[in-house]
Amino acid sequence: SKFGEPIDNEDEIVKAAKQYPELNTLHIHQGSQNRNVEKLLRGIERVIDLAHAMNKALGKNQITTLNIGGGFAVNYSQGQPWRIEELYKPLERLLAEKGRDFKIITELGRFYHAHSGFTASRCEYVMQRGNTQVAVLHAGADLFLRECYVPEARVTTFRVFSPAFDLKNGNEVTTHLAGPLCFGGDFTARDISLPKIEDGDFVVFNDSGANSLALWSMHCSRAAPAVLLYDKHTGRIERIKDRQKDEDVMRFWQ
């Protein structure tokens, strides 16, 4: 168990519930990139069984809510998104059978938000290192912590646009994407194939609506970027979050 209490420690969990009568919710987290529906349902069923056993041991219906966290996996391959119905249809049957006594909360934020956002960063300049192009961007480890610090777990894919917003295709070369921070690990990607990038081009990080701005780092005291909302039905673009002000950045350190 990365955090929380392993479910096998039922006696300790019941003991905690007796000690803290305000404890009325059990939360389950089985990993945010888990698409094994059978495994997810098995874990949820175990928590439901535990909740029933706890209420019986406590002699009252103290556990009233089950929080299904973790998540359902996101398909970052630019193929068809995986459908949440794969989990929800059998989950509804399970809850109808065994979970009627509880309020159910789900926290599948990564699944719902990842595909809804992208990040565009203008290329400041390009360096040539042998046969590799190194594009220096304004988005780096402050916005994409996981990509930089755990590169083997990188899931982000990329597109390149000209300053006129024309999509570039073909002429792919080995590419490093470097961020703006002052340390050697600030690379959102290494040794990937992208079209030739030129100064002023835009590099787009696809499917970055989750685990990006929410993990914003104050490394180098950089201001968090603005967020724009695009309504595909009306074509309207609305600024829903302003770029962080310099005084807000300074206030962080006070």
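Since we're looking at a predicted model, the values are computed, not measured.

What counts and what doesn't
- Residues numbered from 1 in each chain as written.
- Predicted model: local features only at pLDDT ≥ 70, side-chain atom pairs only at ≥ 80, totals over all residues.
- Heavy atoms only, no water.
- Pairing = 2+ DSSP bridges.
- Helix = DSSP H or I, 4+ residues; strand = E, 2+ residues; numbered from the N terminus.
- Axes fitted to C-alpha atoms, helices over the stretch in contact; angles between N-to-C directions.
- Phe/Tyr/Trp six-rings, centres within 6.5 Å; stacked < 30°, edge-to-face > 60°.
- Buried < 20%, exposed > 50% of the residue type's maximum accessible area, 1.4 Å probe, protein only.
- Polar contact = N/O pair within 3.5 Å; in protein donor to acceptor, adjacent residues only side chain to side chain.
- Contact = heavy atoms within 4.5 Å.

Engineer: Help me out: how do you make sense of the sheet that holds strand E4 (residues 119-122) in this one?
Structural biologist: Note on sheets: strands pair through backbone hydrogen bonds, and any given pair is parallel or antiparallel. The sheet built from three strands is open, its strands ordered E4-E10-E7 with antiparallel pairing. Every other strand in the sheet has two partners, leaving E4 and strand E7 (158-161) as the edge strands with one partner each. Between one strand axis and the next, the sheet turns by 25° as a mean value, whatever way the strands run. Relative to strand E10 (residues 202-205), E7 runs antiparallel, the two sharing four bridges. Residue pairing for E10: Phe158 is matched across the bridge by Phe205.

Engineer: Explanation requested: the packing of aromatic side chains in the structure shown.
Structural biologist: Here the distance between the centres and the angle between the planes together describe a pair of aromatic rings. Throughout the structure, instances matching the rule amount to seven aromatic pairs. Plain terms: the ring middles of Phe111 and Tyr112 are 5.3 Å apart, the flat faces sit at 85° to each other, and that makes the pair edge-to-face. On the basis of relative accessibility, which here comes to 13%, the residue Phe111 falls in the buried class. Centroid distance Phe252 to Trp253: 4.7 Å. Interplanar angle 90°. Geometry classified as edge-to-face.

Engineer: Would you mind going over the side chain of Gln62 with me for this structure?
Structural biologist: Take Gln62: it is sitting in the loop between helix H2 (37-58) and strand E2 (65-68). Residue classification places Gln62 among the buried positions, given a relative accessible area of 7%. A distance of 3.0 Å separates a polar side-chain atom of Gln62 from the backbone oxygen of Ala17. A distance of 3.5 Å separates a polar atom in the side chain of Gln62 from the backbone oxygen of Tyr20. Once residues within four sequence positions are removed from consideration, Gln62 is found in contact with Ala17, Tyr20, Pro21, Leu23, Asn24 and Asn55.

Engineer: It is not clear to me how unusual backbone geometry should be interpreted in this structure. Could you clarify?
Structural biologist: The general pattern is negative phi for most residues beyond glycine and trans for most peptide bonds. Its identity is not glycine, yet Asn171 carries a phi of approximately 50°, on the positive side. Since its relative accessible area comes to 66%, Asn171 is described here as exposed. Of note in this structure, Asn211 is not a glycine but carries a positive phi near 55°. Summarising the element assignment, Asn211 is placed in the loop between E10 and strand E11 (227-231).

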